[in-house]
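Listed below, chain by chain, are the residues.
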Amino acid sequence: MTASSTQPTTARLSINQATTETSSTEELLDACAQAGVGYVAPWRHKFIDGDVRRTRRALDARSIRASSLCRGGFFTGTRPPAEAASDNRRAVEEAAELGSPVLVLVCGPVTETGAAAALEAITRGIEALLPHAIDHDVILAVEPFHPMFAAERSAIIRLDQATDLVTGLDHPNLGIAVDTYHVWWDPDLAQALERASAKTVAVHVADWLVPTQSLLQGRGLPGDGIIDLAGILENIARGGYDGPVEVEVLNGEVWSRQASDVVLDVQQRLMPLLERIGAAV
Ligand code: ZN
């Protein structure tokens, strides 16, 4: 592998840190620097020594940028409201300190009060957080989740719901994170991607393995599953998105490998897909 960050085909690749969950942050950053991958998407619990500034310095030292920060959200009452609000404000500040343009929101599950109440709480929570995001020049990205996560992660289970919410609040500091793993099953996906296109600020890629062995850690590396990744990415590109493409694969088997091995593997798998996107824009 002789890829370098100057190659247009890999310049947009980002490794979401969930793909190398059990490796250290330094291991991931070194692997990306070595492979010429210019972006990572850090997770807050993986900050070096719990310190966002130290993490920023480690990124800068390797000329790696943060494509997004994971994550804020959980607006639906699964934690005390004051704690949720202050943690989300802190997440916005950390995104800014990290130089990350985007903070990904996992919006919180449907609870005993039902889906409509959860959606209302999410809308109110985002409305309350938005001024802080504007102050810090951070874009909040609502990520719709696959419906199987409705009780644990997010009441936003279709891309159209995210688009309705984001267009309803309508602000440049509020957008959508489209993750192939969460949206691929939607029979109206092409239209949904088009509706979301003006608000799409982040793209995540993972494949759907058959059979799925684990709810949370059963995602596949691109090419190992049944999702038409090229088709989805071409649709997103036609809609005008030209930012980083994050590979986000939560998978125990992938986690058992060295970060350097995973990064090179991901790079090889994404190269043909990114070439196709380049051709589509
Ligand atoms: Zn994602």
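Every residue gets a number counted from 1 within its own chain, in the order that chain's sequence is written. Under the rules for a predicted model, residues below a pLDDT of 70 receive no local features and side-chain atom pairs below 80 are neither given nor counted, while totals for whole chains, interfaces and linings still include all residues. Computation of side-chain values covers all heavy atoms of the structure but excludes hydrogens and water.

A. Spotlight on the overall build of the protein chain. The helix and strand tally for the protein chain stands at ten helices and eleven strands. To get the radius of gyration, use the C-alpha atoms; to get the globule rule, take the number of residues to the power 0.38 and multiply by 2.2 Å. For the protein chain, the C-alpha radius of gyration of 17 Å lies close to 19 Å, the compact-globule estimate for 281 residues. Seen through its C-alpha atoms, the protein chain measures out along the principal axes to roughly 50 × 40 × 35 Å. Think of it in three bands: with a 1.4 Å probe and only protein chains considered, a residue is buried below 20% of the maximum accessible area for its type, exposed above 50%, and partly exposed in between. Classification of the 281 residues of the protein chain by burial places 55% in the buried group. Any two residues whose heavy atoms approach within 4.5 Å at even a single point are treated as in contact. For the protein chain, contacts bridging at least 24 residues in sequence account for 80% of all contacts bridging at least 6. In this count, Lys and Arg are taken as positive residues and Asp and Glu as negative ones, while His and the chain termini are left out. In this description, the location of a charge corresponds to atom NZ of lysine, CZ of arginine, CG of aspartate or CD of glutamate. With 23 positive and 37 negative side-chain charges, the protein chain shows a separation of 3 Å between the mean positions of the two kinds. Only DSSP runs of H or I with at least four residues qualify as helices, and only runs of E with at least two residues qualify as strands; both kinds are numbered from the N terminus onward.

B. The packing of aromatic side chains, seen in detail. Ring geometry is summarised as follows: Phe, Tyr and Trp rings, the Trp one being its six-membered ring, pair when their centres sit within 6.5 Å, and such pairs are stacked at plane angles under 30 degrees, edge-to-face over 60 and tilted between the two. Within the structure shown, the criterion is met by three aromatic pairs. Seen from their ring centres, phenylalanine 145 and phenylalanine 149 are 5.7 Å apart, and the 85° between their planes marks the pair as edge-to-face. Relative accessible area serves as the criterion here: at 7%, phenylalanine 145 is assigned to the buried category. Its relative accessible area of 1% is what places phenylalanine 149 among the buried residues. Their ring planes at 45° and their centres at 5.5 Å tell us that tryptophan 184 and tryptophan 208 sit as a pair that is tilted. Here the residue tryptophan 184 occupies a position in the loop between helix H6 (180-183) and helix H7 (189-196), and tryptophan 208 occupies one in strand E9 (residues 207-208), the gap between them amounting to 24 residues. Residue tryptophan 184 is classed as partly exposed on the basis of its relative accessible area, which comes to 25%. A relative accessible area of 12% places tryptophan 208 in the buried class. One aromatic cluster in this structure is built from Tyr181, Trp184 and Trp208.

C. The arrangement of the coordination of the zinc ion in detail. Listed donors are limited to N, O and S atoms within 2.8 Å of the metal, widened to 3.2 Å for Na, K and Ca; water is not among them, so incomplete-looking sites are possible. Looking at the zinc ion, one finds its protein donor set to be Glu143 (OE), Asp179 (OD), His204 (ND1) and Glu248 (OE), positioned 2.1 to 2.2 Å from the metal centre. In this structure glutamate 143 comes out as buried when scored by relative accessible area, which is 2%.

D. Layout of helix H8 (residues 229-238). For H8, the buried fraction is high: eight of the ten residues fall into the buried class. Burial in H8 covers these residues: Leu229, Ala230, Gly231, Ile232, Leu233, Glu234, Ile236 and Ala237. In the stretch just after H8, glycine 240 is the one whose phi turns positive, near 110°.

E. The arrangement of the sheet that holds strand E2 (residues 39-41) in detail. Strand pairing is defined by DSSP finding a minimum of two bridges between the two strands. Spatially, E3-E2-E1-E11-E8-E7-E6-E5-E4 is the arrangement adopted by the nine strands of the open sheet, whose pairing is parallel. What marks the edges here is a single partner per strand, and that holds for strand E3 (65-66) and strand E4 (69-73). Sheet analysis places strand E1 (residues 13-16) next to strand E11 (residues 245-247), joined by three bridges and oriented parallel. When the sheet's bridge partners are listed, serine 14 is paired in E11 with glutamate 246. Contacts between helix H5 (residues 159-169) and the sheet are confined to strand E6 (139-142) and strand E7 (174-179), with E7 contributing the most and set at about 170° to the helix. Axis lines are fitted to C-alpha atoms, over the contacting stretch for helices. Their N-to-C directions set the angle, which ranges from 0 to 180 degrees.

F. Summary view of the packing of helix H3 (residues 81-98) against helix H4 (residues 115-135). Interhelical geometry of H3 versus H4 gives an angle of 25° and a closest axis separation of 9 Å. If you check the angle between H3 and H4, you find them roughly parallel. In this structure, H3 crosses over H4, and the sense of that crossing is right-handed. Packed against H3, whose contacting residues are Asn88, Arg89, Val92 and Glu93, the element H4 presents Leu129, His132 and Ala133 at the interface. In this classification, Asp, Glu, Lys and Arg are treated as charged, Ala, Val, Leu, Ile, Met, Phe, Trp, Tyr, Cys and Pro as nonpolar, and every other residue, Gly included, as polar. When grouped by side-chain class, the residues that make up the contact of H3 with H4 number three nonpolar, two polar and two charged. Orientation categories follow fixed angle ranges, with anything under 35 degrees roughly parallel, anything over 145 roughly antiparallel, 65 to 115 roughly perpendicular, and all other angles oblique. Two helices cross in a left-handed way if the nearer one is turned anticlockwise from the farther one by less than a right angle. They cross in a right-handed way if the turn is clockwise.

G. How the structure looks around the pattern of salt bridges. Only one rule defines a salt bridge in this text: a Lys or Arg side-chain nitrogen within 4 Å of an Asp or Glu carboxyl oxygen. What the rule picks out here adds up to 23 salt bridges. When the shortest N-O distance is used, the salt bridge between aspartate 224 and arginine 269 registers 3.0 Å. With aspartate 224 in the loop between strand E10 (219-220) and H8 and arginine 269 in helix H10 (residues 259-280), this pair connects stretches of sequence that are 45 residues apart. Owing to a relative accessible area of 43%, aspartate 224 belongs among the partly exposed residues under this scheme.

H. Main features of the packing of H5 against H7. The geometry of H5 relative to H7 is characterised by a closest axis approach of 9 Å and an angle of 20° between their N-to-C directions. Considered as vectors, H5 and H7 are oriented roughly parallel to each other. When the axes of H5 and H7 are compared, the crossing they make is left-handed. Residues Leu159, Asp160, Thr163 and Asp164 of H5 touch H7, and the partners they reach there are Leu189, Ala192, Leu193, Arg195 and Ala196. Looking at the contact of H5 with H7 residue by residue, the classes come out as five nonpolar, one polar and three charged.

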